[in-house]
Amino acid sequence: MSEIKTYSSRPVGEESRLTACDLCGSADFQPHWDCHEFAFVRCLGCGVIYQNPQPLADLVLKRYDQQYFDYEKSNEASFLQLMRLGLKDIRFERRLGRAGEGRTFLDIGCATGMLLEVMKGQGWQVQGVEVCAASASWGRSQRGVEIFPGTLDEAGFPDKSFDVIHFSHLIEHVNYPRRFMAEVARLVKPSGWVLVTTPNTDGWQARWFGPHWRSAIADHLYLFSRSNLAQLLTSSGLQLRAFRTWGGLARGLGNPLKKAILDRLVKVLGTGDVMMMAAQAPA
Ligand SMILES: [Zn+2]
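Residues numbered from 1 in each chain as written. Predicted model: local features only at pLDDT ≥ 70, side-chain atom pairs only at ≥ 80, totals over all residues. Heavy atoms only, no water.

A few points about a nonpolar patch on the surface
Phase 1 of the analysis: Residues Leu265, Val268 and Leu269 make up a contiguous nonpolar surface patch of about 320 Å² in total accessible area.
Phase 2 of the analysis: Here Leu269 is to be found in helix H11 (residues 256-269). (Patch = residues over 30% accessible without salt bridge, like charges linked within 9 Å, V, L, I, M, F, W, Y side chains within 5 Å. Areas by Shrake-Rupley, 256 points an atom, 1.4 Å probe, with all protein chains shown as cover. Salt bridge = Lys/Arg side-chain N within 4 Å of Asp/Glu carboxyl O. Helix = DSSP H or I, 4+ residues; strand = E, 2+ residues; numbered from the N terminus.)

In structure tokens, the structure reads:
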């Protein structure tokens, strides 16, 4: 896994307010990580780590501007590679077959649509959702894939529209993960798949680096442990099918042999930097 610098600037003067935990509703929390311009707390109800005070949702959306497009565009090859490795790790093709055969694949937070293009090439009928208007526009015009510019709520797709719903490095950016997941559960077909990738607070890097962890950034509003994410999926009516973590040591922090050993070890222990969960809707 290659090391990718994560976009992390916080707009000056942006309004934020104290908020209760969206996952469990508890307003009780304790300070967790002080990142100077912003801070993360630990919910005393469910243990999730979330940014508090939290920037307001409509202001959060404004962050995904032209500058964000430049960031997405310049990193798209690395992001695509990581997403494909993730899908391979959860044995996507073994579970669903390589050929899409016209089945529907939704990628939420699809950026410039690079994964959609790959899946379309394998016969999937693809649809993207992307809040960064410049990224959505670029993907539509340059890749010829359908991308809704806006939020999942705004897209308003019909019930049970998709065989597979994928979102990678998206749920940690959302102010209302429970409402978001309820919408995902509404959109997935019976026996359809939901594939989520997000930073893993059970990972040793989160524990070791604390406020300096590369995922403790201004754009990340909720940071999940394995059990937080499992709870979010199952409480939305989905059934867990697979769990993988990866990323033992960021490149540059140790020699390649040490990195290879650690990468292998965290996969076995579930303590990798990033996790992926696959869940399935009831038949
Ligand atoms: Zn909570």
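Continuing now.
Remarks on the coordination of the zinc ion
Phase 1 of the analysis: Coordination sphere of the zinc ion, protein contribution only: Cys21 (SG), Cys24 (SG), Cys43 (SG) and Cys46 (SG), at 2.3 Å.
Phase 2 of the analysis: Here the zinc ion is ringed by 4 donor atoms whose angles at the metal span 97 to 116°, and the overall shape comes out tetrahedral.
Phase 3 of the analysis: Within one chain, the residues donating to the zinc ion are spaced in sequence as C-x2-C-x18-C-x2-C.
Phase 4 of the analysis: Classification of Cys21 by relative accessible area gives buried; the value is 3%. (Donors = N, O, S within 2.8 Å, 3.2 Å for Na, K, Ca; no water. Tetrahedral: all angles 85-135°; square planar, octahedral: opposite > 155°, others 65-115°. Buried < 20%, exposed > 50% of the residue type's maximum accessible area, 1.4 Å probe, protein only.)

Section: the side chain of Ser26
Phase 1 of the analysis: Relative to the assigned elements, Ser26 resides in the loop between strand S1 (16-17) and strand S2 (29-34).
Phase 2 of the analysis: Residue classification places Ser26 among the buried residues on the basis of a relative accessible area of 15%.
Phase 3 of the analysis: Within the local environment of Ser26, its side chain forms a polar contact with the backbone nitrogen of Asp28, the two atoms lying 3.0 Å apart.
Phase 4 of the analysis: Not counting the four nearest positions on each side in its chain, Ser26 is found in contact with Ala20, Cys21, Cys43, Gly45 and Tyr50. (Polar contact = N/O pair within 3.5 Å; in protein donor to acceptor, adjacent residues only side chain to side chain. Contact = heavy atoms within 4.5 Å.)

Notes on the packing of aromatic side chains
Phase 1 of the analysis: For the coordinates displayed, the defined rule picks out 14 aromatic pairs.
Phase 2 of the analysis: Each ring, one from Phe92 and one from Trp124, has its centre 5.8 Å from the other, and the planes form 45°; the classification is tilted. Note that Phe92 is positioned in helix H4 (residues 92-96) and Trp124 in the loop between helix H5 (114-121) and strand S7 (125-130), a separation of 32 residues in sequence.
Phase 3 of the analysis: The class of Phe92 is buried, set by a relative accessible area of 4%.
Phase 4 of the analysis: Feature note: the residues Trp33, Phe38, Phe40 and Trp213 constitute an aromatic cluster, connected by ring pairs.
Phase 5 of the analysis: Here the basic side chain of Lys73 rests over the ring of Trp138, its NZ or CZ set 4.3 Å away from the ring centre. (Phe/Tyr/Trp six-rings, centres within 6.5 Å; stacked < 30°, edge-to-face > 60°. Lys NZ or Arg CZ within 6 Å of the ring centre and 35° of its normal.)

Remarks on the sheet that holds strand S9 (residues 162-168)
Phase 1 of the analysis: Spatially, the 7 strands line up as an open sheet ordered S8-S7-S6-S9-S10-S13-S12, and their pairing is mixed. In the strand order of this sheet, the two ends are held by strand S8 (147-149) and strand S12 (239-246), each with one partner. Going from strand to strand, the sheet's axes swing by 15° on average, the running direction of each strand aside.
Phase 2 of the analysis: On top of the sheet, helix H3 (residues 76-89) reaches S9, strand S10 (188-199), S12 and strand S13 (274-280); it is set at about 125° to S12, its chief contact.
Phase 3 of the analysis: Where helix H6 (residues 133-143) meets the sheet, its contacts fall on S7 and S8, and the angle it forms with S8 comes to roughly 155°. (Pairing = 2+ DSSP bridges. Axes fitted to C-alpha atoms, helices over the stretch in contact; angles between N-to-C directions.)

Side note on unusual backbone geometry
Phase 1 of the analysis: Cis geometry is found at the peptide bond from Asn52 to Pro53, where omega equals 0°.
Phase 2 of the analysis: Of note, Pro53 is situated in the loop between strand S4 (49-51) and strand S5 (54-55).
Phase 3 of the analysis: Even without a glycine there, the phi angle at Ala111 is positive, about 55°.
Phase 4 of the analysis: Phi at His169 takes a positive value of approximately 55°, unusual for a residue other than glycine.
Phase 5 of the analysis: Residue placement: His169 occurs in the loop between S9 and helix H8 (177-187).

As for the confidence of the model for the protein
Phase 1 of the analysis: Per-residue confidence for the protein averages 91 on the pLDDT scale, and 93% of its residues sit at or above 70.
Phase 2 of the analysis: Confidence drops under pLDDT 50 across residues 1-5; counting only partners more than four residues distant or on other chains, this segment forms 17 contacts. (pLDDT = per-residue confidence, 0-100.)

Thoughts on the state of the cysteines
Phase 1 of the analysis: One pass over the full model with this rule turns up 0 disulfides.
Phase 2 of the analysis: The thiol sulfur of Cys35 is not disulfide-bonded, and the nearest other cysteine sulfur, from Cys21, lies at 18 Å.
Phase 3 of the analysis: The exposure class assigned to Cys35 is buried, which follows from its relative accessible area of 13%. (Disulfide = S-S within 2.5 Å.)

Re H3
Helical geometry note: an α-helix holds 3.6 residues per turn, so side chains three or four residues apart project in the same direction.
Phase 1 of the analysis: With 14 residues, H3 should cover 20 Å at 1.5 Å per step; its first-to-last C-alpha distance of 20 Å lies within 8% of that length.
Phase 2 of the analysis: Considered for burial, the residues of H3 that qualify are Glu76, Phe79, Leu80, Leu82, Met83, Gly86 and Leu87. The arc that holds the buried residues of H3, viewed along the axis, is 165°, so those residues lie on one side. For H3, the exposed residues lying more than 90 degrees away from the buried face are Ala77 and Lys88.
Phase 3 of the analysis: Downstream of H3 by one or two residues, Arg91 has phi in the positive range, about 60°. (Expected span 1.5 Å × (residues − 1). Arc of directions from axis to C-beta.)

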